[in-house]
Amino acid sequence: MSDDSDPAPSALRASQQVRSVIGKLRRRLRAAAGTGDFTLTQASTVGRLLDSETGLTTSDLAVAEGMRHQSMATTIAVLAAQGLVERSRDPEDGRRVLIGLTPEGRRRGEEGRRARGEWLAAELQAKCTEEERQTVIAAMAVLERIVQE
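Worth saying up front: this structure is predicted, and the values here are computed from it rather than measured.

A. The arrangement of the overall build of the protein in detail. Each helix and strand in the protein was counted, giving six helices and two strands. Across the protein, helices and strands are ordered from the amino to the carboxyl terminus as α-α-α-α-β-β-α-α. The globule rule puts the C-alpha radius of gyration for 149 residues at 15 Å, and the 18 Å found for the protein is more than 25% above it. Judged by the C-alpha coordinates and their principal axes, the protein covers about 50 × 40 × 25 Å.

Dropping the structure here:
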């Protein structure tokens, strides 16, 4: 791997293509999930809460989403008004407030996740060869390495 200060033309081209494809893929996945009433941040927040056993603080969610605490608080307020999240005291530290999904929030989150997974698997099956799917798997490993902190 190179430490050159100017990106290689291939790095610039790869960057543009990855961003373009990911943007299109996000829109298609969102449509497949039927979460048109969720913003991307709301959908991502519900997804993060689905993966949490005990709930997360507003600060935890803001850091994970790369946004300000106040912006995440607004997102949580909207989800709470829709009856999808609830607040509770952390049993280990009563000063902390944990955000968790309500049963309806969990149902909608799981339903959306399942619909996205089914849509993408069907598209990969219908439009790609086995070799192409293996290439996608390898490319995802590279992208995962890039986003690791």
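B. Just helix H1 (residues 9-33), in detail. Here H1 spans 36 Å end to end across 25 residues, near enough to the 36 Å set by a 1.5 Å rise per residue. Within two residues after H1, glycine 34 carries a phi angle of roughly 65°, on the positive side.

C. Just empty space enclosed by the protein, in detail. Applying the stated rule across the entire model yields one cavity of 30 Å³ or more. For the lining of the largest cavity, the secondary structure elements donating two or more residues are helix H2 (40-50) and helix H5 (103-127). A per-class count over the lining of the largest cavity returns four nonpolar, four polar and two charged.

D. Structural view of the pairing of strand E2 (residues 97-101). Counting buried residues in E2 gives four out of five residues, a clear majority hidden from the surface. Here five bridges tie strand E1 (residues 85-89) to E2, and the two strands are oriented antiparallel to one another. Counted as the bridge partner of arginine 89 is valine 97 from E2.

E. Structural detail: the environment of leucine 12. Along the chain, leucine 12 turns up in helix H1. Accessibility expressed as a relative area gives 51% for leucine 12, which makes it exposed. Taking the C-alpha atoms as reference points, leucine 12 and glycine 83, separated by 71 residues in sequence, lie 43 Å from one another.

F. Quick peek at the side chain of threonine 45. By the element assignment, threonine 45 lies in helix H2. A distance of 2.8 Å separates a polar side-chain atom of threonine 45 from the backbone oxygen of threonine 41.

G. Just the nonpolar core, in detail. Membership of the largest hydrophobic core comes to 13 residues, with the highest contact counts inside it found for Leu49, Leu61, Ile76, Leu79, Val85, Ile99 and Leu101. Of all the secondary-structure elements, those providing two or more residues to this core are H2, helix H3 (58-65), helix H4 (69-81) and E2. In this structure, valine 85 is in contact with Leu49, Ile76, Leu79, Ala80, Ile99, Gly100, Leu101 and Thr102, ignoring residues within four places of it in sequence.

H. Quick peek at the pattern of salt bridges. Scanning all chains against the criterion turns up nine salt bridges. Residue aspartate 51 is joined to arginine 113 by a salt bridge in which the shortest nitrogen-to-oxygen separation is 2.9 Å. With aspartate 51 in the loop between H2 and H3 and arginine 113 in helix H5, this pair connects stretches of sequence that are 62 residues apart. Judged by relative accessible area, arginine 113 falls into the partly exposed class, the value being 35%. Close ionic contact of lysine 127 with glutamate 123 constitutes a salt bridge, the shortest N to O distance being 2.7 Å. A residue pair is termed a helical-turn pair when its members lie 3 or 4 positions apart in one helix, as lysine 127 and glutamate 123 do in helix H5 at four residues.

The rules we used
- Residues numbered from 1 in each chain as written.
- Predicted model: local features only at pLDDT ≥ 70, side-chain atom pairs only at ≥ 80, totals over all residues.
- Heavy atoms only, no water.
- Helix = DSSP H or I, 4+ residues; strand = E, 2+ residues; numbered from the N terminus.
- Rg over C-alpha atoms; globule rule 2.2 N^0.38 Å.
- Expected span 1.5 Å × (residues − 1).
- 1 Å grid on protein atoms, 1.4 Å probe; cavity = no way out; pocket = protein on both sides within 12 Å on 5 of 7 lines; lining within 4 Å.
- Points joined across faces, edges and corners; volume = space filled by probe spheres on them.
- Nonpolar A, V, L, I, M, F, W, Y, C, P; charged D, E, K, R; others polar.
- Buried < 20%, exposed > 50% of the residue type's maximum accessible area, 1.4 Å probe, protein only.
- Pairing = 2+ DSSP bridges.
- Polar contact = N/O pair within 3.5 Å; in protein donor to acceptor, adjacent residues only side chain to side chain.
- Core = buried A, V, L, I, M, F, W, Y, C linked by side-chain atoms within 4.5 Å.
- Contact = heavy atoms within 4.5 Å.
- Salt bridge = Lys/Arg side-chain N within 4 Å of Asp/Glu carboxyl O.

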